[in-house]
Amino acid sequence: MSSFNDIKPPKLSPQLGAIHPINQVKDFLIDLLQGYGFTAVDGPEIESEEFNFDMLNIKKTHPARQMHDTFYVNNKSKVLRTHTSPVQIRSMLDSNPPLAITSAGKVYRKDDDATHLPMFHQVEGMYIDEQVTFSQLKDLIHKIIYAIFGQEIQIRFRPSYFPFTEPSAEVDILSENGKWLEVLGCGIINPVVLENCNIDSNKYSGLAFGLGVERIAMLKYGVNDIREFYKSNLDFLSQFK
Amino acid sequence: MKFLYKDLLNFLSEKPSKKLLSEKLFQLGHEHEIAGDIFDMELTPNRGDCLSLNGLARDLNVFFGKVQPYKIYEGDILPLNFNFKNLSTDACPKISFLEIEIEGAIAAYKPYLENYFSLLGNKKVNFFTDVSNYISYELGQPTHCFDSSTMNNQLTFENKICQESFKTLLGSNINLDGKNCIFSVDDKIISLAGVMGGKSTACSSQTRKVLIECAYFKPEEIIGKSIKYNLVSDAAHKFERGVDIQAHEKVLRRFVAIVQDHAVIKNFKIQTFDDAAIDQSRIPFDLERVNKILGIDIEKEKYLMILNKLGIEINNNEVNVPSYRHDISSQNDLAEEIARVLGYDSIKSKPLDIKNNLNENIKHIYKFKNFLVQNGFSEVINFPFTSSKDKKSITIDNPLDSNKRYLRTSLKSSLLENLQYNERRQNDSIKLFEISDLYSKDDQTNQERKLGIIISGRRGHNYADFSKKLDFNYLNQILNEGLENDIFTIEEISRADLKTKKKDKIFYTEVLIENIPADMYKDYKPIEEKINFIKYQPVSEFPSSVRDFSFSIVDFDKYNIVIDLISSLDDDILKHAYVFDFYENKKLKEIKVGVRLIFQSVLCTLSEEEIQKTLHRLLKPILDLEGVSVPGL
């Protein structure tokens, strides 16, 4: 029969916390893109209209610039960036091609419902060199999508419209229930944007793409309501250890 | 924009199935949903030219051929001598007016017109307005009908600053302010141009003489007006995206033809005020550039054929863009046209070898975050909007919630809210952190990246920590493992102002990320080890129930069996189970193991009966052991 001396107290299992699932997905994507040769760069969340809109070929009359879509601060002198694309502009102004950057962070739009939030996260990438083509963009996008969703996933490219890319595409994946789900926007950088950043568009061309981090997280984790990510509920967060 | 499948087929030579039509619309970039015979289109904002049957058919011509299924009035039309003054030709470079007078009653609507209302669910208003709405559906050009009997004096168009009330034809009163495109008679506004007409000049079922206005308004003058005045306007939707400045005569001749189908026309006259110097968009022919953009090698004949089918002509080595295609102005735009027709999925991928001038990656404090996680801290992300203002706060000019119009300058209040939220959800051990950029202003906008940490409650749920509280010393000790002592200050947050009955002390600290030592900026893990995409389980919104048991073990041979059984407890409604107490009573030769079971359902509040039933099932294998008991159970 065992004695007191044989008794060992129960093992003290560590009580782990968790990195926020949105940051887990964001970091995963940034690491992935760094592995492809992109350099991670950062930019401010409070931006000038010039960098957030004008330089990206988003005209003064574009609906996105209206007060009902964009947060303005300091007596309309600045905006809360509506996308991470101003970081592309800053990179193009700072460095000469060839240039491959990726940027991730918070962006803001004046939305608030079950599928949209006033703050969410984007990850973007941009590559500029001589003779960058749409067919190369497709190669890169396939690699990214396969890395996130697996090699078996079915992908569809659709024409779309973004003022800063031309041609532009949206990329869908086929879900298990047979529905196409949009996961990524991309395109060939509009020559107007290159010229705005003093890059010779006759010599250089570029590609750009952007993903919504919440969108990817919702699909990968099976979260249906985007608001769950921002309740700071430990019962929710502790699942992502 | 919604259309009937059969209506679009009338515009096409070939008659594709719904499935094939849907596939080709997607290939061309026209998203949609299908419900029965109705296609509900979600067109990109640069393709205003496709907001009609005619426009979609023009785009689909390359696949199915396009025909003109409708008749237009081909005869001569008398000139109208209309008293009109355009004071803002920049905003409205071209405008046409058609005056029609009919006699007698309106015949029953022909099927093409009737179906537009009955099958698409559109609401009839009056005959002339109904024709106007139908033509917009068919040809994409909005027109507006004024009852001629209400228009005795000069009509004036002007883009000007207004500050007056205006009653729309739907009866709502709107207060105009700022710059607006308006039509006026005798200085009284009768129509918010490009958006909605007014009540005072609206047609009715009695109208027999009508003035139809057909205009080109510059998109930038119309954008945002319908949202600003909360008006639902199909006309504004189209003008904002750009209509065809060359289409007026065709549209008005079609109007005449439809009226002729339904009534006897006494007379009709037309007049156009054209102040536009039409500058057709021309792009140099450069197939090599288009091939380079796409990374393909399309032949000249095929390139020309595709452009031709899209209505784009080549003359004198120049690509002439049709007046309805406001989205084409460069070689990249032409490349997109080719890619759309070939199909994006048909363009083969080519390997990309990335060359890069930049080598410096931004530094992430993965290691420090992982250190916190290992110690039980969970990361949160909060919105930056707050009601708290300090002298450096940045103000949001147009907040979503007017009570939260400032950007936070500290993480404290957000983390305090997170802590209280979790306390209300019966969480008794809370360790949270957040890393975020914070913004403030003095002479300029300042940006700081900060880490905030908040703790309160039990140190942990293990028996070693259960009865200890999270306190100053705990946090100080944790932080001192990774940080220099002089870069953080721990404060106790008083509960005096918090609406809570909790007594546990709250401690908080905020650290500038730039002060965190460089050796905390390392520790990348390989990607495949970095993330585990678990399938999330919905979180319960119902209260949990706690049950504590103290197992007395006098047969020490059973000790390990008991511990194993406790660690393997499992049930759908068992949220947590842990050993919160362990005591060896050498005097009584007894081991005490305290176990806490927390029950919660995602479906409902659990009844005592449900909990007892589950408890009985879970505990029976333990209590059946000889020498193991729960005193008092």
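All figures in this text were calculated on a predicted structure; none of them were measured in a lab.

Cut-offs and rules
Residues numbered from 1 in each chain as written. Chains lettered and ligands numbered in written order. Predicted model: local features only at pLDDT ≥ 70, side-chain atom pairs only at ≥ 80, totals over all residues. Helix = DSSP H or I, 4+ residues; strand = E, 2+ residues; numbered from the N terminus. Buried ≥ 20, exposed ≤ 12 C-beta atoms within 10 Å, placed from the backbone. Contact = placed C-beta atoms within 7 Å. Pairing = 2+ DSSP bridges. Axes fitted to C-alpha atoms, helices over the stretch in contact; angles between N-to-C directions. Parallel < 35°, antiparallel > 145°, perpendicular 65-115°, else oblique. Left-handed = near helix turned anticlockwise from the far one by under 90°. Core = buried A, V, L, I, M, F, W, Y, C linked by C-beta atoms within 7 Å. Domains from an automatic or database assignment. Expected span 1.5 Å × (residues − 1).

Draft legend 1. Inspection of the overall build of chain A at higher detail. Looking only at helices and strands, chain A has seven helices and ten strands in total. Dimensions along the principal axes, computed over C-alpha positions, put chain A at roughly 85 × 45 × 40 Å. For chain A, the residues scored as buried account for 52% of the 241 residues in total. Relative to all contacts within chain A whose residues are 6 or more apart in sequence, the contacts with residues 24 or more apart total 64%.

Draft legend 2. Structural view of the environment of D286 of chain B. Within the secondary structure, D286 of chain B is located in the loop between strand 16 (282-284) and helix 10 (287-294). Remark: the alpha-carbon pair of D286 of chain B and Q331 of chain B, spanning 45 residues in sequence, is separated by 7.4 Å.

Draft legend 3. Spatial organisation of helix 8 (residues 234-241) of chain B. Residue and element names in this part refer to chain B. Within helix 8, six of the eight residues are buried, which leaves it mostly tucked inside the rest of the structure. Those residues of helix 8 that fall on the buried side of the exposure criterion are A235, A236, K238, F239, E240 and R241. Among the structural elements, helix 5 (127-139), helix 6 (219-222) and helix 7 (225-228) are those in contact with the buried residues of helix 8. In the stretch just after helix 8, G242 is the one whose phi turns positive, near 95 degrees.

Draft legend 4. Region of interest: the sheet that holds strand 27 (residues 574-585) of chain B. Residue and element names in this part refer to chain B. Sheet architecture is open: four strands sit in the order 27-28-26-29, paired in antiparallel fashion. The two strands at the open ends of the sheet, each matched to only one other strand, are strand 27 and strand 29 (628-629). Inspection of the sheet shows strand 27 paired to strand 28 (residues 590-599) by ten bridges, in the antiparallel sense. Bridge pairing in strand 28 places A577 opposite L597. Against the sheet, helix 18 (residues 608-623) engages strand 26 (545-553), strand 28 and strand 29, with an angle of about 20 degrees to strand 26.

Draft legend 5. Looking closely at the interface of chain A and chain B. Residue-level contacts link 93 residues of chain A with 94 residues of chain B. No other element matches helix 1 (residues 21-35) of chain A, which puts nine residues into the side of chain A that touches chain B.

Draft legend 6. Looking closely at the packing of helix 5 of chain B against helix 9 (residues 248-262) of chain B. Residues and elements named next belong to chain B. Packing of helix 5 against helix 9 brings their axes to within 10 Å, and their N-to-C directions diverge by 130 degrees. Relative to helix 9, the element helix 5 lies oblique. Regarding helix 5 and helix 9, the two cross each other, and that crossing is right-handed. Contact with helix 5, carried on its side by F127, V131, I135 and L139, involves V251, R254, F255, I258, V259 and H262 of helix 9 and no other residues of that element.

Draft legend 7. Region of the structure containing the nonpolar core. I141, C186 and L207 of chain A are the most contacted members of the largest nonpolar core, which totals 102 residues. It is helix 4 (residues 134-149) of chain A that provides the largest number of residues to this core, a total of seven residues. Two domains share this core, each providing at least three of its residues, namely domain 3 (282-346) and domain 4 (366-520) of chain B. If we skip the residues at most four places from it in the chain, I141 of chain A touches V171, L184, C186 and F209 of chain A. L56, F128, I212 and F217 of chain B belong to the second-largest nonpolar core, a separate cluster that totals 69 residues.

Draft legend 8. Layout of helix 3 (residues 53-64) of chain B. Residues and elements named next belong to chain B. With twelve residues, helix 3 extends only 14 Å from end C-alpha to end C-alpha; this falls clearly short of the ideal 16 Å at 1.5 Å per step. At its buried positions, helix 3 is contacted by strand 1 (2-4), helix 1 (5-9), helix 2 (18-27), helix 5, helix 11 (300-309) and helix 12 (331-342). Positive phi appears at G65, one or two residues downstream of helix 3, with a value of about 75 degrees.

Draft legend 9. Main features of the sheet that holds strand 17 (residues 313-315) of chain B. Residue and element names in this part refer to chain B. As summarised here, the arrangement of the three strands in space is 16-18-17, forming an open sheet in which the pairing is antiparallel. Strands with a single pairing partner mark the edges of an open sheet, and in this sheet they are strand 16 and strand 17. Going across the sheet, the axis of each strand differs from the next one's by a mean of 35 degrees, ignoring polarity. Bridging between strand 16 and strand 18 (residues 318-320) involves three bridges; their strand directions are antiparallel. Along strand 18, the bridge assignment pairs I283 with V319.

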